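Structure at a glance
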Amino acid sequence: MNPLTNIKSIYFIGIGGIGMSALARYFNTQGVKVSGYDKTPTPLTDDLVKEGIQIHFEDDLTQIDREATVIVYTPAIPSDHKELNYYKDNGYNVVKRSDVLQWVTENAFTIGIAGTHGKTTTTSMTAHILRHTGYGCNAFLGGIASNYGTNFWSHEKNVVVVEADEYDRSFLKLAPNVAVVTAVDPDHLDIYGTADEVLKAFGQYTDKIKPNGVLIQKYGTVFPVNTDHKEVFTYAYNEPKASFHTSNLKVIDGSYQFDLVHPKGIVNNVVLNMGGLHNVENATAAMAIALQLGIDENKIKEAVASFQGVKRRFEFKIKTANKVLIDDYAHHPEELNALISGVRSLYPNEKMVLVFQPHLYSRTQDQASGFIEVLSKADEVILLPIYPARELPIPGVSSEILLDKMTVATKTVMSKEQLFDWAANTHDKLIVMAGAGDIDACITKVKEIFSK
């Protein structure tokens, strides 16, 4: 029997996480009592409270739900967390977020979008197309869709679009009907150990595709794929050999226009109103899914043109004749490379100042050479100190190990306070801020400074 049917009350430890909050919202719409803990208040937890969910911000046993049917926690919670250990020690049903996603999706037609980068925007685009065209879906997103201001919505149709996260091998709990793989670059080596183990995990994910399902993978991604009982397609924005690919790409008034070539024909004059060539590629994947589902081409085009993007994915915070401020979640060298290329495609003659906050000591150490190469493609780089997230410091690993070897002429490491002073005095037009830590709070402050 599906465990979902017996849940009367559910408690989330780490409820403010982007994936956890989507599940919290799901259960809230199902009439289940939802409550939880997180370390600090954020705009997202503020929204959850407004939606009727009880949240507290101290590791405090007096505030927990002792009647909860299920306890959901994120792997980012430390092992000495009092609330988590209380539930574990007292026989509660304690599960990870990935277990609950498995319950939600196992009896649904599931579209699972995986990849070391690109998955959040592709998932959001796909869910938006299905919603905008009237096809309908339940959506669990890894970001806030700008069109709707949320990372979750429900629908009576038993179709689920879900971001399939490779961290902690979570995506191996899913069994999709349609699976997408956007990228297989080495990441989360603190979990996988080696690049080969990352590739093996993506192969295992595609092995979970249901019989007669579909795999849509980025052209050129190489990982173990068993083609039995599934159709396999490829996509790319500039590779004619791919099953789905773009042609006649143009930049018109800050938007992209292109034709989508697919196995059964061409969708002409698609307009994408968001920056980044990598987002043209993400749109190609999302449109490939919609075409596989039999959605009308003109409705797909209308949906793509109306897509407003995802918070912190090539998001324009300011876009005027005198100042452009772009915010992006990029925290891996490949993501940064895509971000810089996308900015260059829209502003080829403008000096680009890149403000970057490295995320995790381990990733900074593992990917140092890649970061150094990519960051050197900007015209000026400002590094913030490393955001540690769940990690303790690693001796000798700091933002300075990137700074020292970057070839860009103008480069520095700044504290947040120094960054704000710089913002108050700079005359540069094009500022790009990137990272997965708490740099988004800095962006809010920088935007206020620029707006004055």
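In what follows, the accompanying structure is described. (Residues numbered from 1 in each chain as written. Predicted model: local features only at pLDDT ≥ 70, side-chain atom pairs only at ≥ 80, totals over all residues. Heavy atoms only, no water.)

Observations regarding the pattern of salt bridges
Test applied: Salt bridges are defined as contacts in which a side-chain nitrogen from Lys or Arg sits within 4 Å of a carboxyl oxygen from Asp or Glu. Put simply, DSSP H or I for four residues or longer makes a helix, DSSP E for two residues or longer makes a strand, and each gets a number counted from the N terminus.
All told, the structure shown has 16 salt bridges when counted by the stated rule. Between Glu51 and Arg25 there is a salt bridge, with its nearest N and O atoms 2.8 Å apart. With Glu51 in the loop between helix H2 (43-50) and strand S3 (54-56) and Arg25 in helix H1 (residues 18-29), this pair connects stretches of sequence that are 26 residues apart. Linked through salt bridges whose partners overlap, the residues forming this network are Arg169, Glu197 and Lys200.

Focus on the packing of H1 against H2
Heads up, the rule is: For helices, the fitted axis covers only the stretch in contact; all axes are lines through C-alpha atoms, and the angles between them, taken along N-to-C directions, range from 0 to 180 degrees. Oblique is the label for any angle not under 35 degrees, not over 145, and not in the 65 to 115 range, which are roughly parallel, roughly antiparallel and roughly perpendicular in turn. In what follows, a contact means two residues having at least one pair of non-hydrogen atoms within 4.5 Å. Amino acids are sorted into nonpolar (Ala, Val, Leu, Ile, Met, Phe, Trp, Tyr, Cys and Pro), charged (Asp, Glu, Lys and Arg) and polar (every other residue, Gly among them).
Packing of H1 against H2 brings their axes to within 11 Å, and their N-to-C directions diverge by 10 degrees. When the axis of H1 is compared with that of H2, the two are roughly parallel. Contact residues: H1 offers Ile18, Ser21 and Arg25, while H2 offers Leu44, Asp47 and Leu48. Residue composition of the contact of H1 with H2, by class: three nonpolar, one polar and two charged.

Looking at the side chain of Ser376
The test is simple: Under the rule applied, a polar contact is a pair of N or O atoms within 3.5 Å (in protein, one hydrogen donor and one hydrogen acceptor; residues adjacent in sequence only if both atoms are side-chain atoms).
Relative to the elements of secondary structure, Ser376 occurs in the loop between helix H12 (368-375) and strand S19 (380-383). Within the structure, Ser376 has its side chain in polar contact with the backbone nitrogen of Thr407 (distance 3.0 Å). Aside from chain neighbours lying at most four places away, what touches Ser376 is Met406, Thr407 and Val408.

A look at the packing of helix H10 (residues 333-346) against H12
Following both chains from N to C, one finds H10 and H12 inclined at 10 degrees, their axes separated by 9 Å at the closest point. Looking at the two axes, H10 sits roughly parallel to H12. Contact with H10, carried on its side by Pro333, Leu336, Asn337 and Ile340, involves Gly370, Phe371, Val374 and Leu375 of H12 and no other residues of that element. The class makeup of the residues in the contact of H10 with H12 is six nonpolar, two polar and no charged.

Some thoughts on the packing of aromatic side chains
Worth spelling out the cut-off: Note on ring pairs: Phe, Tyr and Trp rings are taken, using the six-membered ring of Trp, and paired if centres are within 6.5 Å. Classes follow the plane angle, with under 30 degrees stacked, over 60 edge-to-face and the rest tilted. Only when the NZ atom of a Lys or the CZ atom of an Arg is both within 6 Å of the ring centre and within 35 degrees of the ring normal do we say a charge sits over the ring.
Scanning the model with the defined rule gives 16 aromatic pairs in all. Directly above the aromatic system of Tyr73 lies the positively charged group of Lys88, at a separation of 5.1 Å from the ring centroid. One cation-aromatic arrangement involves Arg313 over Tyr329; the distance from NZ or CZ to the ring centre is 4.1 Å.

Quick notes on the pairing of strand S21 (residues 430-434)
For the record, the criterion: Here the term buried applies to any residue with accessible area under 20% of the maximum for its type, exposed to any over 50%, and partly exposed to those in between, with areas from a 1.4 Å probe on protein chains only. Here, strands pair whenever DSSP counts at least two bridges between them.
Counting buried positions along S21 yields five of five residues, so the element is predominantly enclosed. Where strand S17 (residues 324-328) and S21 come together, five bridges link them in parallel fashion. Considered in S21, the bridge of Val324 is made with Leu430. Where strand S18 (residues 352-356) lies against S21, five bridges are found, and the strand directions are parallel. Within S21, the residue paired with Phe356 across the bridge is Ala434.

Some thoughts on helix H14 (residues 416-425)
Where we set the bar: For this quantity, the arc is that covered by the directions from the helix axis to the C-beta atoms.
Among the residues making up H14, those that are buried are Leu419, Phe420, Trp422 and Ala423. Down the axis, H14 shows its buried residues gathered within 160 degrees of arc, on one side only. Of the exposed residues in H14, those oriented more than 90 degrees away from the buried face are Glu417, Asp421, Ala424 and Asn425. The inward-facing, buried residues of H14 contact S18, S19, S21 and helix H15 (439-451).

Focus: the environment of Lys218
Assignment of secondary structure puts Lys218 in strand S11 (residues 213-218). In sequence terms Lys218 and Ile15 are 203 residues apart; their C-alpha atoms lie 32 Å from each other. Apart from residues no more than four positions distant in its own chain, Lys218 is found in contact with Val181, Thr182, Tyr235 and Glu281. A distance of 3.1 Å separates polar atoms of two side chains, one belonging to Lys218 and the other to Glu281.

Considerations on unusual backbone geometry
At Phe314, a position not held by glycine, the phi torsion is positive, near 45 degrees. Examined against the element boundaries, Phe314 turns out to sit in the loop between helix H9 (297-306) and strand S16 (315-319). Its identity is not glycine, yet Leu360 carries a phi of approximately 80 degrees, on the positive side. Topologically, Leu360 is positioned in the loop between S18 and helix H11 (361-366). We classify Leu360 as buried; its relative accessible area is 1%.

Some thoughts on the sheet that holds strand S1 (residues 9-13)
Strands sit in the order S3-S2-S1-S4-S5 across an open sheet of five strands; the sheet is parallel. Edge positions in the sheet fall to S3 and strand S5 (94-96), since each of these pairs with one other strand and no more. Along the sheet, successive strands turn relative to each other by an average axial angle of 20 degrees, direction set aside. With three bridges connecting them, strand S2 (residues 33-37) and S3 associate as parallel partners. Along S3, the bridge assignment pairs Tyr37 with His56. Contacts from H1 reach S1, S2 and strand S4 (70-73) within the one sheet, and its direction differs from that of S1 by about 165 degrees. Set on the sheet, helix H4 (residues 97-105) makes contact with S4 and S5; between it and S5 the angle comes to about 80 degrees.

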